[in-house]
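Chain by chain, the residues:
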Amino acid sequence: MATGNDNKQNINILAGVTGSVASIKLPILVEKLLEIPKVSVRVIATQNSFHFFDRTSIPCQIYEDKDEWQTWKKIGDPVLHIELRRWADLFLIAPLDANTMAKLSHGICDNLLTSVARAWDPSKPFYYCPAMNTHMWQHPLTQEQLEKLQSLKYIQIPPISKTLACGDCGIGAMADVSTIIEIVRGKVDATQGLLV
Ligand SMILES: CC(C)(CO)[C@@H](O)C(=O)NCCC(=O)N/C=C\S
């Protein structure tokens with residue numbers, strides 16, 4: 001007898017990770033994403049994010065900037081950021097650091113992650129989880145940039161108040177992994193419900 005999952009479509013999740021200390025959570029985040037039935041995960045990491053996790057601890061394919069130019073040598077070769085936008089059904093940037101938030105809100109696409117975002121299909125869900133020091137979060141530019149991301153229909157999973165990497169205590173910590181998983185799982189279930 002077919003179980004509920006047999007006739008469900010596979011959902012491809014592209015997980016972006018950037019240069020916030022919250023990137024230490026990537027291994028557990030990927031582990032929990034992979035527990036969602038019929039989900040595949042690929043990671044795009046910015047150069048700065050590699051300071052915060054050991055890439056051998058990530059149980060899925062992980063792409064970095066140099067992969068873009070190693071796979072493209074001549075016209076006709078695949079363009080990685082376009083291949084990845086085609087492959088993905090859902091984009092989750094967790095954590096989104098202040099630097100990449102600024103890039104996204106201004107259309108800067110100077111690396112693999114921001115190039116995928118710049119070419120993103122607006123009919124597909126785009127989630128982001130800000131993570132930064134409270135003073136950065138409260139800077140006037142942040143609100144301006146959040147409004148621009150809102151106008152692009154990107155969905156914010158808001159930061160929380162916690163003790164931060166520098167010892168400050170306040171808003172700016174990435175949402176708990178459990179919260180992120182709950183939201184993404186809900187979207188996956190809803191999408192699969194539409195696709196049967
Ligand atoms: C690092 C972690 C995940 C520990 O629970 C949490 O504090 C967090 O998301 N912090 C936001 C980023 C940060 O701290 N920035 C650096 C200087 S303040």
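Values in this document were obtained by computation on a predicted structure and should not be read as measured data. (Residues numbered from 1 in each chain as written. Predicted model: local features only at pLDDT ≥ 70, side-chain atom pairs only at ≥ 80, totals over all residues. Heavy atoms only, no water.)

Some details on the pattern of salt bridges
Close approach of charged atoms allows side chains with opposite charge to pair. Going by this rule: Counted as salt bridges are all cases of a side-chain nitrogen of Lys or Arg within 4 Å of a carboxyl oxygen of Asp or Glu. The rule is simple: take the accessible area with a 1.4 Å probe, protein chains only, and divide by the maximum for that residue type; under 20% is buried, over 50% is exposed, in between is partly exposed.
Within this structure, the stated rule accounts for seven salt bridges. Lysine 74 is paired through a salt bridge with aspartate 77; the nearest N and O atoms lie 2.9 Å apart. For aspartate 77, a relative accessible area of 17% corresponds to the buried category. Between lysine 103 and aspartate 110 there is a salt bridge; the shortest N-O distance is 2.8 Å. Using a relative accessible area of 12% as the deciding quantity, one classes lysine 103 as buried. Here the residues in one salt-bridge network are Arg55, Glu64 and Lys66, joined through shared partners.

Regarding the side chain of serine 20
Stated precisely, the cut-off is as follows: Strands here mean DSSP runs of E at least two residues long; helices mean DSSP runs of H or I at least four residues long; both are numbered from the N terminus. Under the rule applied, a polar contact is a pair of N or O atoms within 3.5 Å (in protein, one hydrogen donor and one hydrogen acceptor; residues adjacent in sequence only if both atoms are side-chain atoms). Between two residues, a contact is recorded if the distance between any of their heavy atoms is within 4.5 Å.
For serine 20, the location among the structural elements is in the loop between strand 1 (11–17) and helix 1 (26–34). Looking at serine 20, the relative accessible area reads 9%, which means it is buried. Among the polar contacts made by the side chain of serine 20, one reaches the main-chain carbonyl oxygen of alanine 131 at a distance of 3.5 Å. With near-sequence residues (within four places) excluded, serine 20 lies in contact with Phe52, Pro95, Asp97 and Ala131.

A closer look at the environment of phenylalanine 126
Within the secondary structure layout, phenylalanine 126 lies in strand 5 (residues 126–130). Along the chain, phenylalanine 126 and glutamine 61 lie 65 residues apart, while their C-alpha atoms are 20 Å from each other. Ignoring any residue separated from it by four or fewer positions in sequence, one finds phenylalanine 126 in contact with Phe91, Ile93, Leu104, Ala117, Trp120, Tyr154 and Ile155.

With respect to the site of the ligand
To keep things clear, this is the line we draw: Neighbouring residues are identified by heavy atoms, a residue being near a molecule or strand if any of them is within 4 Å of it.
Neighbouring residues of the ligand: 14 residues in total, closest Asn133, Thr163, Ala165, Cys166 and Met174. Interatomic distance of 3.1 Å between a backbone N/O atom of threonine 163 and an oxygen atom of the ligand. In this structure, methionine 174 approaches the ligand through a main-chain N or O atom, which is 2.8 Å from an oxygen atom. Contributing elements (two or more residues each) for the shell around the ligand: strand 7 (160–163) and strand 8 (169–173).

Any functional reading would require information beyond the geometric quantities listed.
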